[in-house]
Amino acid sequence: MKKRTHAQLAALVFCVLVWCAIPQRQDRALRAEATLDTTASATAGGMTTTLRIAAESRSDKPDFLIGAAVAYPPLMASPIYRDTLAREYNLVVPENVMKWETIEPEEAKFDFDPGDALVSFAEEHQMKVRGHTLVWHQQLPGWLTTGTHTRDQLLAILKTHIQTVVAHYKGHVFAWDVVNEAIGDNGSMRETIWYKGIGPDYIEQAFRFAHEADPDVQLFYNDFGAEGLGAKSSAVYSLVKDLKDKGVPIDGVGLQMHVGIAVNQVPVIENVKDNIERLGALGLKVHITEMDVKIQNGIGTYDEKLAAQANVYADVLRLCLHEPACTALLTWGFTDRYSWIPDFTHHPDEPLPFTVDYQPKPAYAALIQTLTEP
Ligand code: G3I
């Protein structure tokens, strides 16, 4: 074998160092995409339809939306990511780029470039856009979290942010998650920067600010762990009922649906049904906003876990299709390559309908099957 020169060895060491220095799993996944076949077939796994075609073909619910959260780096860099997204979905939500730290990194200085790129992609492919999220306690910029503000100052900051962002995307974003995750697991208000600095009325103020900026956009409250029945979903119900009673402009509730196949993580469909129906009875829409189905801690072989995962996807989609109030279902990502779950749980997982190589999983087939059922 030919002996390596010093230059070659140095180059090898450099490459290894660069690889190790890449901090995030997503970034590594993006680099490895270069080895994938980017000439993806026009349909997944030889299927003759796609999720969006199947959804748009339903005569009982022709406006039903099937969507996915979009990670910005692969949207910009990966043809197979873009092709799969455009082929399969008619709705997108930015996973991160419309959050406060990205959009208003410095006070009153707005950066809409990444969000605009996502909207352009969506419009080019006749997809709708959900905005996520105007008011949250995470992914806030340092100027906001480390500053000291009076209640009036904080309200003014909130108003400027919401109205600038909503006005910018007027006519391009059809629904916003206005307030995200304001309620804690036990059903009490989460003690966020907004709650502590403004008081519980920050929520209604946020909805009113958004409505002033775009009276036509649909406004949602979004939360996790509030899908079925229990202290948290009751608190969400009371919150949105109170907003409706006061005449606050709210159009719907987002049920995130971060679930799993392990015992206690499978959504109890009867309870989710009751919850959707009581929200619907208030005149509110429901979107399933961030669904993923973890397989870690599931029972059985790998194939059995994927089959159990497929059943959870099918059950939730079937319920949503049959409930008049439920008008959209989105997954939080679509390929296992860019799921947030492994980073969050510190455990490998495959919670989405497509594999890391963009191949359709049993979950995908189950979604198609459910969309084509009467
Ligand atoms: O912005 C930095 C970037 O500058 C840096 O290069 C990169 C690598 O170090 O990290 C980037 O920040 C990460 C960010 O995602 C963007 O990729 C953060 O570390 C990471 O914590 C952040 O995670 C996001 C998480 O919200 C924050 O809580 C996830 O991607 C996103 O999927 C997740 O989404 C939330 C929904 O908004 C609300 N519901 C729950 C859902 C899951 O947590």
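Please refer to the structure placed before this passage.
Residues numbered from 1 in each chain as written. Predicted model: local features only at pLDDT ≥ 70, side-chain atom pairs only at ≥ 80, totals over all residues. Heavy atoms only, no water.

> Could you give me a rundown of the overall build of the chain, with the residues and numbers involved?
Within the chain one finds 16 helices and 9 strands. For the chain, the C-alpha radius of gyration of 21 Å lies close to 21 Å, the compact-globule estimate for 374 residues. In terms of principal-axis extent, the alpha carbons of the chain reach across some 80 × 55 × 40 Å. When each of the 374 residues of the chain is scored for burial, the buried share is 52%. (Helix = DSSP H or I, 4+ residues; strand = E, 2+ residues; numbered from the N terminus. Rg over C-alpha atoms; globule rule 2.2 N^0.38 Å. Buried < 20%, exposed > 50% of the residue type's maximum accessible area, 1.4 Å probe, protein only.)

> Describe unusual backbone geometry, with residues and values.
Across the chain, the bulk of peptide bonds are trans and the bulk of non-glycine residues have phi less than zero. With an omega of 0°, the peptide bond between histidine 132 and threonine 133 qualifies as cis. Its place among the elements puts threonine 133 in strand E3 (residues 128-135). Backbone geometry places glutamine 126, a non-glycine residue, at a positive phi of 55°. As for its placement among the helices and strands, glutamine 126 is situated in the loop between helix H7 (113-124) and E3. Even without glycine at this site, glutamate 181 takes up a positive phi of about 60°. Of note, glutamate 181 is situated in the loop between strand E4 (175-180) and helix H10 (193-198). Taking relative accessible area as the criterion, glutamate 181 reaches 7% and is therefore assigned buried.

> Got a sec to walk through the nonpolar core? Specific residues and values, please.
In terms of nonpolar packing, the biggest core is built from 104 residues, with Leu85, Trp176, Val179, Trp194, Phe207 and Tyr221 touching the most fellow members. Considering each element in turn, this core owes the most residues, 8 residues, to helix H14 (residues 302-322). Beyond its immediate stretch of four places on either side in the chain, tyrosine 221 contacts Val179, Glu181, Ala182, Ile183, Phe207, Val236, Leu239, Val240, Ile250, Gly252, Val253 and Gly254. (Core = buried A, V, L, I, M, F, W, Y, C linked by side-chain atoms within 4.5 Å. Contact = heavy atoms within 4.5 Å.)

> Give me the packing of aromatic side chains: which residues, what numbers.
One pass over the structure, following the stated rule, counts 11 aromatic pairs. Seen from their ring centres, tyrosine 81 and phenylalanine 334 are 4.7 Å apart, and the 45° between their planes marks the pair as tilted. Remark: phenylalanine 334 occurs in the loop between strand E9 (326-331) and helix H15 (341-345) and tyrosine 81 occurs in helix H5 (residues 79-88); sequence separation between them is 253 residues. Each member of the pair, tyrosine 81 together with phenylalanine 334, is buried. Geometrically, the ring pair formed by phenylalanine 110 and phenylalanine 112 is stacked, given 5.8 Å between the ring centres and 10° between the ring planes. An aromatic cluster of at least three residues, connected via ring pairs, comprises Tyr81, Tyr89, Phe334, Tyr338, Phe354, Tyr358 and Tyr364. Lying over the aromatic face of phenylalanine 220, arginine 130 brings its terminal NZ or CZ to 4.9 Å of the ring centre. Directly above the ring of phenylalanine 224 sits lysine 232, whose terminal nitrogen or CZ lies 3.6 Å from the centroid. (Phe/Tyr/Trp six-rings, centres within 6.5 Å; stacked < 30°, edge-to-face > 60°. Lys NZ or Arg CZ within 6 Å of the ring centre and 35° of its normal.)

> Provide a residue-level description of the site of the ligand, including the pertinent values.
Around the ligand sit 16 residues in total, of which Glu95, Lys99, His132, Gln138 and Glu290 are the nearest. A distance of 2.8 Å is found between a nitrogen atom of the ligand and a side-chain nitrogen or oxygen belonging to glutamate 181. The protein chains hide 59% of the 800 Å² of surface that the ligand would expose on its own. A per-class count over the shell around the ligand returns 4 nonpolar, 8 polar and 4 charged. (Near = heavy atom within 4 Å. Polar contact = N/O pair within 3.5 Å; in protein donor to acceptor, adjacent residues only side chain to side chain. Areas by Shrake-Rupley, 256 points an atom, 1.4 Å probe, with all protein chains shown as cover. Nonpolar A, V, L, I, M, F, W, Y, C, P; charged D, E, K, R; others polar.)

> For the state of the cysteines, give the residues involved together with the corresponding values.
Enumeration over the complete set of coordinates arrives at 1 disulfide. A sulfur-sulfur distance of 2.0 Å marks the disulfide that ties cysteine 320 to cysteine 326. Between cysteine 320 and cysteine 326, the S-S torsion sits near -90°, and that sign places the bridge as left-handed. Of the residues examined, cysteine 326 reaches a relative accessible area of 0% and is grouped as buried. (Disulfide = S-S within 2.5 Å.)

> Go over the packing of H14 against helix H16 (residues 362-372), please, and point to the residues and values.
One way to put it is that H14 packs onto H16 with a least axis distance of 8 Å and a crossing angle of 25°. Judged by the angle between their axes, H14 and H16 are roughly parallel. The chirality of how H14 crosses H16 is right-handed. For the pair formed by H14 and H16, the contact residues are Leu306, Gln309, Ala310, Tyr313, Ala314, Leu317, Arg318 and Leu321 on the first element and Pro362, Ala363, Ala366, Leu367, Thr370 and Leu371 on the second. Taken together, the residues of the contact of H14 with H16 sort by class into 11 nonpolar, 2 polar and 1 charged. (Axes fitted to C-alpha atoms, helices over the stretch in contact; angles between N-to-C directions. Parallel < 35°, antiparallel > 145°, perpendicular 65-115°, else oblique. Left-handed = near helix turned anticlockwise from the far one by under 90°.)

> Hey, could you go over the pairing of E9 for me, with residue numbers and the actual values?
Residues in a regular strand point their side chains to alternate faces of the sheet. Burial within E9 is extensive, with 5 of its 6 residues counted as buried. One ladder, built from 4 bridges, connects strand E1 (residues 65-70) with E9; its direction is parallel. Following the sheet pairing, alanine 68 is matched in E9 by threonine 331. The pairing of strand E8 (residues 285-294) with E9 spans 4 bridges and is parallel. Each residue of the ladder has a partner; that of isoleucine 288, found in E9, is leucine 329. (Pairing = 2+ DSSP bridges.)

> Run through the side chain of threonine 331, naming residues and quoting values.
Take threonine 331: it is sitting in strand E9. If near-sequence neighbours (up to four positions away) are discounted, threonine 331 is found in contact with Gly67, Ala68, Ala69, Tyr89, Glu290, Met291, Tyr313, Leu352 and Pro353.

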